[in-house]
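Chain by chain, the residues run as shown.
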Amino acid sequence: MFFNFIFRTARTSFVRLAIAALFQLLVGFVGLAQTLPPPPPPPPPPGSTSLTVSIASLAFTYQTGNSAAPPQTFSASVSTGIVSYTAASSSPTWLQVSPTSGSLSTSATTFTVSVTPSGLTANTYNGVITLSATGATGSPKTINVTLTVTNPPQLPSFSVRA
């Protein structure tokens with residue numbers, strides 16, 4: 001009704017055209033606003049969610065000359081909301097974790113831990129995976145990782161005398 005009044009009172013076709021264009025523009029914005037996805041939920045206030053991990057430690061065994069030990073996994077989640085995280089290993093030479101960043105929610109996220117023992121001598125190596133969740137209580141969490149490298153067993157030697 002308002003636009004009908006303006007069209008009748010407008011004296012020139014230019015004004016009518018400008019009003020019609022403005023009306024179409026407004027209708028377009030209203031239609032666009034209805035098709036946009038809702039914004040993501042805001043992160044929970046600091047301290048209102050807590051970080052949990054499924055394990056406290058992992059152990060790998062490797063015998064020199066053999067294939068590397070298979071990867072192992074652990075999971076992590078938060079009690080409420082969605083928070084961003086980073087995961088890092090203390091030893092970049094032999095200990096790896098993936099993924100290294102992303103978002104944690106109440107659904108468990110699985111992390112894969114692998115070791116690359118090539119070049120290591122027989123010994124026990126200790127490392128730590130650190131998982132930090134922004135604003136979560138109990139963060140960061142650490143997972144202790146032990147890698148035991150052994151030499152292959154020595155076979156007894158026999159000598160035959162004739």
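Relevant structure appears above.
All of these numbers come straight from a predicted model, not from anything done at the bench.

**Q** Explain the packing of aromatic side chains to me, and be specific about the residues and the numbers.
**A** Aromatic ring pairs: the centre-centre distance and the angle between the two ring planes describe each pair. For the structure shown, the criterion picks out three aromatic pairs. With centroids separated by 5.0 Å and ring planes inclined at 10 degrees, the aromatic side chains of F74 and F111 adopt a geometry described as stacked. Note that F74 is positioned in strand 3 (residues 72–78) and F111 in strand 7 (residues 109–115), a separation of 37 residues in sequence. Looking at F74, the relative accessible area reads 2%, which means it is buried. Of the residues examined, F111 reaches a relative accessible area of 0% and is grouped as buried.

**Q** Tell me what's going on with the nonpolar core, and back it up with residues and numbers.
**A** L104 and F111 are the most contacted members of the largest nonpolar core, which has 27 residues in total. Breaking this core down by element, the ones donating at least two residues are strand 2 (57–63), strand 3, strand 4 (83–89), strand 5 (95–98), strand 7, strand 8 (123–133) and strand 9 (141–150). Not counting chain neighbours up to four residues away, the residues in contact with F111 comprise Q72, T73, F74, A76, Y85, A87, V97, S98, P99, L104 and L131.

**Q** Give me unusual backbone geometry: which residues, what numbers.
**A** Along the chain, S98 connects to P99 via a cis peptide bond; the corresponding omega equals -5 degrees. When you line up the elements, P99 lands in the loop between strand 5 and strand 6 (101–104). Of note, the bond from S139 into P140 is cis; its omega dihedral lies within 30 degrees of zero at 5 degrees. Mapped onto the elements, P140 comes out in the loop between strand 8 and strand 9.

What counts and how
Residues numbered from 1 in each chain as written. Predicted model: local features only at pLDDT ≥ 70, side-chain atom pairs only at ≥ 80, totals over all residues. Heavy atoms only, no water. Phe/Tyr/Trp six-rings, centres within 6.5 Å; stacked < 30°, edge-to-face > 60°. Helix = DSSP H or I, 4+ residues; strand = E, 2+ residues; numbered from the N terminus. Buried < 20%, exposed > 50% of the residue type's maximum accessible area, 1.4 Å probe, protein only. Core = buried A, V, L, I, M, F, W, Y, C linked by side-chain atoms within 4.5 Å. Contact = heavy atoms within 4.5 Å.

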